[in-house]
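Residue strings, one per chain:
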Amino acid sequence: MSLSAAVVGGSGFTGGELLRLLAGHPEFEVAQATSRQYDRKTVGSVHPNLRELDLRFSSPEDLESVDVLFAATPHGVSMEHIDSFRDAADTVVDLSADFRLQTEEQYDEWYDGHVAPEYLEKSVYALPELTRDQLPGADLIAAGGCNATATILGLKPLFDADVLDGDEQVVVDVKVGSSEGGASAGKASSHAERSGVVRPYAPTGHRHEAEIEQFLGLSVSFTVHAVDMVRGASATCHVFPDSPVTKGDLWGAYRESYEDEPFMRMVAGGGGVYRYPEPKAVAGTNFGEVGFEVDASNKRLVVFSAIDNMMKGSAGQAVHAANVALGLDETAGLEFTGLHPVGSP
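All values reported here derive from a predicted model rather than from experimental measurement.

Quick notes on the rules
Throughout this description, residue numbers start from 1 for each chain and increase along the sequence as written. This being a predicted model, a pLDDT of at least 70 is required before a residue's local features are given, and a value of 80 or more before pairs of side-chain atoms are given or counted; all residues contribute to the totals for chains, interfaces and linings. Excluding hydrogens and water, the side-chain values take into account all heavy atoms of the structure. Here, a strand pair is defined by DSSP locating no fewer than two bridges between the strands. A helix here means a DSSP run of H or I that spans at least four residues, while a strand means a run of E at least two residues long, and both kinds are numbered starting from the N terminus. Simply put, an axis is a line fit to the C-alpha atoms, just over the touching stretch for a helix, and the angle between two N-to-C directions goes from 0 to 180 degrees. In these notes, a set of buried Ala, Val, Leu, Ile, Met, Phe, Trp, Tyr and Cys residues joined through side-chain atoms within 4.5 Å is what counts as a nonpolar core. Only protein chains enter the calculation, and the probe is 1.4 Å; a residue is then buried if its accessible area is under 20% of its type maximum, exposed if over 50%, and partly exposed in between. Only heavy atoms enter the contact rule, under which two residues are in contact if any of them lie within 4.5 Å. As defined here, a cavity is a set of points on a 1 Å grid over the protein atoms alone where a 1.4 Å probe fits but cannot get out. A pocket is an open set with protein on both sides within 12 Å along at least five of seven lines, and residues line them when an atom is within 4 Å of a point. Grid points are joined across faces, edges and corners, and a volume is the space filled by probe spheres set on the points. Under this grouping Gly is polar, as are all residues other than the nonpolar Ala, Val, Leu, Ile, Met, Phe, Trp, Tyr, Cys and Pro and the charged Asp, Glu, Lys and Arg. In what follows, roughly perpendicular refers to angles from 65 to 115 degrees, roughly parallel to angles under 35, roughly antiparallel to angles over 145, and oblique to any angle outside these ranges. Put simply, a crossing is left-handed when the front helix is turned counterclockwise from the back one by less than a right angle, and right-handed when it is turned clockwise.

Visitor: It is not clear to me how the sheet that holds strand β14 (residues 300–307) should be interpreted in this structure. Could you clarify?
Guide: Adjacent strands of a sheet pair through backbone hydrogen bonds, lying either parallel or antiparallel. Taken together, the seven strands give an open sheet; going across it, the order is β9-β10-β8-β11-β14-β13-β12, and neighbouring strands pair in mixed fashion. Pairing within the sheet leaves two strands with one partner each, and these edge strands are β9 (198–202) and β12 (264–266). Sheet twist, expressed as the average angle between the axes of neighbouring strands with direction ignored, equals 25°. Sheet analysis places β9 next to strand β10 (residues 221–227), joined by four bridges and oriented antiparallel.

Visitor: Whenever I open this one, the nonpolar core confuses me. Can you help?
Guide: A general trend in soluble globular proteins is that nonpolar side chains are found buried together. Counting residues in each nonpolar core, the largest one holds 40 residues, and the members touching the most others are I152, L155, L158, V170, V239 and Y254. If you tally residues by element for this core, the top one is helix α6 (residues 146–160), at eight residues. Residues in contact with I152, not counting those within four places in the same chain, are Y125, L127, L130, E211, I212, F215, L216 and Y258. Of all hydrophobic cores here, the second largest spans 38 residues; its members include A33, V43, V68 and F263.

Visitor: Quick question: what am I supposed to make of the layout of surface pockets here?
Guide: A water-sized probe rolled over the atoms picks out the places where empty space is left. Put simply, the largest pocket is a space of about 1300 Å³. Forming the boundary of the largest pocket are 49 residues, of which A72, T73, P74, H75 and G182 lie nearest the centre. The biggest single contributor to the lining of the largest pocket is helix α3 (residues 77–88), with four residues. For the lining of the largest pocket, the residue count by class is 18 nonpolar, 26 polar and five charged. Considered as a void within the structure, the second largest pocket measures approximately 340 Å³ in volume. Lining the second largest pocket are 20 residues, and of these E17, R20, N49, R231 and M310 sit closest to its centre. Of the residues belonging to the lining of the second largest pocket, the class tally is eight nonpolar, nine polar and three charged.

Visitor: Sorry, what's going on with the packing of α6 against helix α8 (residues 209–216) here?
Guide: Angle between the axes and distance between the axes: these two values describe a pair of packed helices. Interhelical geometry of α6 versus α8 gives an angle of 25° and a closest axis separation of 10 Å. Comparing their axes, α8 and α6 come out roughly parallel. Two packed elements cross with a definite hand, and for α6 against α8 that hand is right-handed. Contacts between α6 and α8 pair A148, T151, I152, L155, K156 and F159 from the former with E211, I212, F215 and L216 from the latter. Residue composition of the contact of α6 with α8, grouped by class: seven nonpolar, one polar and two charged.

Visitor: Help me understand unusual backbone geometry, please; the structure alone is not making it clear to me.
Guide: Glycine aside, residues mostly have negative phi angles, and peptide bonds mostly take the trans form. Of note, the bond from H340 into P341 is cis; its omega dihedral lies within 30 degrees of zero at -5°. Within the secondary structure, P341 sits in the segment after α10 (315–325). In this structure, R40 takes a positive phi of about 75° despite not being glycine. Structurally, R40 is set in the loop between β2 (28–34) and α2 (43–46). Its relative accessible area of 67% is what places R40 among the exposed residues. Its identity as a non-glycine residue notwithstanding, D162 has a phi of 60°, on the positive side. Here D162 lies in the loop between α6 and β8 (169–176). Under the relative-accessibility criterion, D162 is labelled exposed at 66%.

Given below as structure tokens:
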């Protein structure tokens, strides 16, 4: 079986990752990549790692009919064009924030409203570890935000095991790489300004809090820092449960949730240099790593999670969800296990 695929917004960082994954996918054939800025330019002229891909960017106004359309556009674009996307493809996978939340009221609170709210109840969140049962046959899939993904993956096993019920205090600190700002990011993401920093850029009120609250039923104290890293999102969650929790309890909870998951690894204080999850260890892959420690004297659990923000936090997650939705091998096209040693992710 060969499925045709289009990537709208193919010139951005995430668009490039989608094209890389789809070009190497055994079941997909890339039929179109769109870009207003680079219309008629070769894909390889923008993404040098894809120079062998025989494809030129075309205008997003001239969508071809395909089996699956991946939209790697800024927030606000997909909701404006969702009807044309759905006319062009049987399955639409949106990587923006446009269809992640469930109600128009949430978009009024966290974003700038929504122009196509009738589609919100039709979309399925694209985090297979969380929504796998809802994905088969889904025709509108919403890839989760990278910071929300890292946080949800770290905390989900605690809810599955009834360690948390949603009323506890949870403080989340996320460190993210510069690629999160996108290919057209401003001055703050330039090398001279970004190099060497640990800069809080969203101390409070980050929009991804809405996803965490929606899918875990938990209100978190959430802060994001920009750090000197290209790829990656690393979440440290400080959790204060109501009852004592042992390390054995945590191993049981995380194994129960993730032992059979093809893209989740447990890394919790073993030997060697990489004793806890690190973005460097998953750079370029669709793997997520989770780990934990118990701070009994302070009645605190410290939960760590790490992903590549453009893979498990975006393009890889989108392809993974599409695989499940279309009844394909869910690991297809996502088998790359990373490199070691490697420089800055």
